[in-house]
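Next come the chains, spelled out residue by residue.
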There are 2 protein chains.
Amino acid sequence: MDFCSATIVRKDAELGDLLSKDLFGHEVVIKGNVHSITDLGEIKFITLRKREGLIQCVADDLTLKKLPAIKEGMSVTITGTLRKEERARGGIEITIKEIDILSEPKMSMPLSISKWKLNTSLEAKLDYRTVSLRNIRERAKFKIQEGIERAFRQYLESQGFTGIHTPKIGAKGAEGGANIFKLDYFHRPAVLAQSPQFYKQIMVGVFDRVYEVGPVFRAEKHNTKRHLNEYTSLDFEMGFIEDFSELMEMETGFLKYMVELLKKDYSKEIKILNVELPVIDKIPCIRFDEVKSLVSKEYNRQIKSPYDLEPEEESLIGKYFKEKYNSDFVFVTHYPSKKRPFYAMDDPDDETYTLSFDLLYNGMEVTTGGQRIHDYDMLRDKIRRRGMQTDGLEKYLETFKYGMPPHGGLGAGLERLTMQLLGEDNVRATTLFPRDMSRLVP
Amino acid sequence: MDFCSATIVRKDAELGDLLSKDLFGHEVVIKGNVHSITDLGEIKFITLRKREGLIQCVADDLTLKKLPAIKEGMSVTITGTLRKEERARGGIEITIKEIDILSEPKMSMPLSISKWKLNTSLEAKLDYRTVSLRNIRERAKFKIQEGIERAFRQYLESQGFTGIHTPKIGAKGAEGGANIFKLDYFHRPAVLAQSPQFYKQIMVGVFDRVYEVGPVFRAEKHNTKRHLNEYTSLDFEMGFIEDFSELMEMETGFLKYMVELLKKDYSKEIKILNVELPVIDKIPCIRFDEVKSLVSKEYNRQIKSPYDLEPEEESLIGKYFKEKYNSDFVFVTHYPSKKRPFYAMDDPDDETYTLSFDLLYNGMEVTTGGQRIHDYDMLRDKIRRRGMQTDGLEKYLETFKYGMPPHGGLGAGLERLTMQLLGEDNVRATTLFPRDMSRLVP
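Residues numbered from 1 in each chain as written. Chains lettered and ligands numbered in written order. Predicted model: local features only at pLDDT ≥ 70, side-chain atom pairs only at ≥ 80, totals over all residues. Heavy atoms only, no water.

Draft legend 1. Spotlight on the sheet that holds strand β5 (residues 75–84) of chain B. All names here are of chain B. Strand order in this closed barrel of five strands is β2-β3-β4-β6-β5, and the pairing throughout is mixed. On average, each strand axis in the sheet is inclined to that of its neighbour by 55°, with strand direction left out of account. Of the strands in this sheet, β2 (27–39), β3 (43–50) and β4 (53–60) are in contact with helix α5 (residues 136–158), which crosses β3 at around 20°. (Pairing = 2+ DSSP bridges. Helix = DSSP H or I, 4+ residues; strand = E, 2+ residues; numbered from the N terminus. Axes fitted to C-alpha atoms, helices over the stretch in contact; angles between N-to-C directions. Contact = heavy atoms within 4.5 Å.)

If you want it as structure tokens, here you go:
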């Protein structure tokens, strides 16, 4: 009988092993993908791509002639002597003794992924996504994205939140409207979740504070640089709030934590991408109506849509607060009730506004949040006043019948947050495999 | 201008605060949901439910007459004196001075959620899911589930894995077949992902080691105790493996880590549910064909389906290895090629078997994994031999054209893993909001 006891004995080293251990002058074994080959006639440099980065291997022509022929895209095992080499990346180099080919490509790369900057259109990058991501800078973007998500989880867990998973197939969409993907569920009409909104509210009654990271689906028919039809939503919802500002404070806490975590665990990628992390001290908060007229006055711009912020207005708000307050972030509060979903809590001081907010990051909305209605009668009343149907909302409403604490929460798009952090100008650049009106593959 | 700087000043205490600080004899403020009321005539006990557990508050009739009337399901703020009280849960009690009502239910609870064990059918629990989860034991199950997921993430991150998100809407299903939910994607046919299989393999070429936790969708038309039509899949895929046993070793490492994390961070819930955590030293590994005949001989049972394990066989295998090796887990290896998907690597020693495995936990499959084909020609050849079409697989196949390292991985169902850990007999009991052939709400 064989047994597994979680012991993996591997002869080959990772980059971290080579740097941390005193292996200089000794024989090492390393596995990786052949990222590039530089042929200088007498000697050849073979750069291997590993998960932690690149490592340079070198051999003279005489040695190489006795070894299997190498080409880019191969996966190989290289045995050789580890040496300090100041001119090489990371200060180390391996003098090749043996090469063992693990896997061979059928064709040469369609893009020069070994170039430092992948000088090609976003379209081409996305068409060849399965290989363009092998570029060191391309993949670093998604390592940063992982860091943002880890920060979200870790910070919320430290604040007493419980991680949950709620269903993505349901009977009716959270926000209503036409922007819902429909499917046939065993001969019953069903929809894909536009957000975990109803479920996370329900779960406030159970765990008080909950968060979810998962896909959301929006059948919106616009093709902009900031919209996706499927994206990863960072959601939280918390009970017993005294004021909706607690939600903004919680998000500020997450953002501060995020910057620290990125500095600590992702410094390599920060450097690769030359990212300037935001300095978050205190984030200005301004009312929707105030900022609307402020921007109008400041930039001599006519107000066209009084109930929402246009992308250009968001951009000007970002500019204004960067210049006046040196802040990359602004909370815009008290959005008009008209433009917020039925479950948004109206401001008791003026019911045409809601106790809600958006967070703008470098002039673009990255979060929508606010206090929700927790009283059953108030919720029913608002649904009635809006002339909405309650079909499919029965179980959601039932929750309030049996009592719910005051609560609120927010949702943030992971890809858009990454986009703004990295200074990309298209959200597809920070999405592994984007889904938009024209992209269903890869 | 207001600012947010991540400072939330709350007067009210959480349970942890009350236990860790020296507040005995002092006035405290606490918010929570009224879980139960015990009326002893002269005095009343009000038990509040908070996210960390329950706390008993007490008042005499005279005091209560001056305060707002309380009922179950309310959310309240209670001000009072904290006292040691050995007879109370957690050894503390609050003598009520003031009560402030934050929210009121419209109706009394449809289930006795304040009972220790919710003595009702699973059907009723699921029908009233939004409130049945408020029961202390019900919610503890999902806290444990969170722990399993956190262990998966933390362990894999410690092993150099990168967390990813891959799209759930796609052009074609990973495993093919009829069990796919179909939807209309802007007038193009699309499907919901049955697994992140293709994408995680693609990402091995990028990050070497990747994991994903996300929903998967299976339009399977059976209504069993162990199947869901939407579930949360724990997936990983790793490159440069020398042998598929490395995958099993990695999973064993995760399971050991999981037990330790549950002991450390979830001891409260372990106690509430009276869970006996598995002792994982070394997990036996046995070939499919061997275990098949072993069970047949040992339990005098005819082999009916030679290419797969029937649920009853899995159960007997579990029993056998528990009795003979005192192991709750068994790896069954080398499944017949016939029953594994096209991308499974056949055993070079006997191509009718694959370099694959299932993990059985207490006699039920909780994981399927194995080595994958990494060579383009071999993959094309296997597709051809199976008479499969390659439509929709073009981008997947392209990845292999440009070179891929040897790799393999696994997928595990989070809900099923939780079910087996907790000794539940229906996977719906460990799913927040299950989706099956009849359940689309709540």
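Draft legend 2. Just the interface of chain B and chain A, in detail. Tallying the contact residues gives 123 residues for chain B and 123 residues for chain A. Each partner contributes to the roughly 10800 Å² buried at the junction of chain B and chain A, and carbon and sulfur atoms together form 60% of this total. At the surface where chain B touches chain A, the tally comes to 12 salt bridges. A salt bridge links Arg153 of chain B to Glu149 of chain A, with the nearest nitrogen and oxygen atoms 3.7 Å apart. Counting every contact that joins chain B to chain A gives 62 residue pairs in polar contact (both at pLDDT 80 or more). (Buried area = accessible area lost by both parts, 1.4 Å probe. Salt bridge = Lys/Arg side-chain N within 4 Å of Asp/Glu carboxyl O. Polar contact = N/O pair within 3.5 Å; in protein donor to acceptor, adjacent residues only side chain to side chain.)

Draft legend 3. Highlighting unusual backbone geometry. Omega for the bond connecting Val441 of chain A with Pro442 of chain A falls within 30 degrees of zero, at -5°, which places this linkage in the cis form. For Pro442 of chain A, the location among the structural elements is in the segment after α13 (414–422). Backbone geometry at His334 of chain A places phi at a positive 60°, although glycine is not the residue there. Structurally, His334 of chain A can be placed in the loop between β14 (329–333) and β15 (346–347). Even without being glycine, Asn300 of chain B reaches a positive phi, approximately 50°. Mapped onto the fold, Asn300 of chain B is located in the loop between α9 (288–298) and α10 (311–325).

Draft legend 4. Main features of empty space enclosed by the protein. If you walk through the whole model with that rule in mind, you get 11 cavities of 30 Å³ or more. If you add up the space inside the largest cavity, you get close to 360 Å³. Looking at the largest cavity, it is lined by 35 residues, and the ones nearest its centre are Gly214 and Pro215 of chain A together with Lys168, Gly214 and Pro215 of chain B. Of all elements in the fold, only β11 (209–217) and β12 (230–239) of chain A together with β11 (209–217) and β12 (230–239) of chain B reach the threshold of two or more residues within the lining of the largest cavity. Of the residues in the lining of the largest cavity, the class split is 13 nonpolar, 12 polar and 10 charged. The computed volume of the second largest cavity comes to approximately 240 Å³. Along the walls of the second largest cavity sit 21 residues, with Ala171, Lys172, Phe198, Tyr199 and Gly392 of chain A positioned nearest its centre. Those elements giving two or more residues to the lining of the second largest cavity turn out to be β8 (169–170), β10 (188–192), α6 (197–207) and α12 (394–401) of chain A. Counting residues per element, the lining of the second largest cavity draws most heavily on α6 of chain A, which supplies three residues. (1 Å grid on protein atoms, 1.4 Å probe; cavity = no way out; pocket = protein on both sides within 12 Å on 5 of 7 lines; lining within 4 Å. Points joined across faces, edges and corners; volume = space filled by probe spheres on them. Nonpolar A, V, L, I, M, F, W, Y, C, P; charged D, E, K, R; others polar.)

Draft legend 5. View of the packing of aromatic side chains. Residues and elements named next belong to chain A. Taken as a whole and assessed by the stated rule, the structure comprises 42 aromatic pairs over all chains. When the centroid spacing of 6.1 Å and the interplanar angle of 90° are considered together, the rings of Phe152 and Tyr211 count as edge-to-face. With Phe152 in helix α5 (residues 136–158) and Tyr211 in strand β11, the pair connects residues that are 59 residues apart, well separated along the chain. Accessibility assignment for this pair places Phe152 and Tyr211 in one class, buried. Here the aromatic rings of Phe198 and Phe342 are separated by 6.1 Å at their centres, their planes lie at 70°, and the arrangement is edge-to-face. Taken together, the residues Phe198 in helix α6 and Phe342 in the loop between β14 and β15 connect sequence positions 144 residues apart. (Phe/Tyr/Trp six-rings, centres within 6.5 Å; stacked < 30°, edge-to-face > 60°. Buried < 20%, exposed > 50% of the residue type's maximum accessible area, 1.4 Å probe, protein only.)

Draft legend 6. Structural view of the state of the cysteines. Tallied over the full model, the rule gives zero disulfides over all chains. Between Cys285 of chain B, a free cysteine, and Cys4 of chain A, which holds the nearest cysteine sulfur, the sulfur-to-sulfur gap is 3.5 Å. (Disulfide = S-S within 2.5 Å.)

Draft legend 7. Summary view of the sheet that holds strand β19 (residues 407–413) of chain A. The strand order β7(A)-β11(A)-β12(A)-β19(A)-β18(A)-β17(A)-β14(A)-β13(A)-β1(B) describes an open sheet built from nine strands, whose pairing is mixed. The open sheet has two edge strands with one neighbour each: β7 (162–163) of chain A together with β1 (2–4) of chain B. As paired elements, strand β13 (residues 283–287) of chain A and β14 of chain A share three bridges and run parallel to each other. Each bridged residue has a counterpart across the sheet, and for Ile286 of chain A the counterpart in β14 of chain A is Val332 of chain A.

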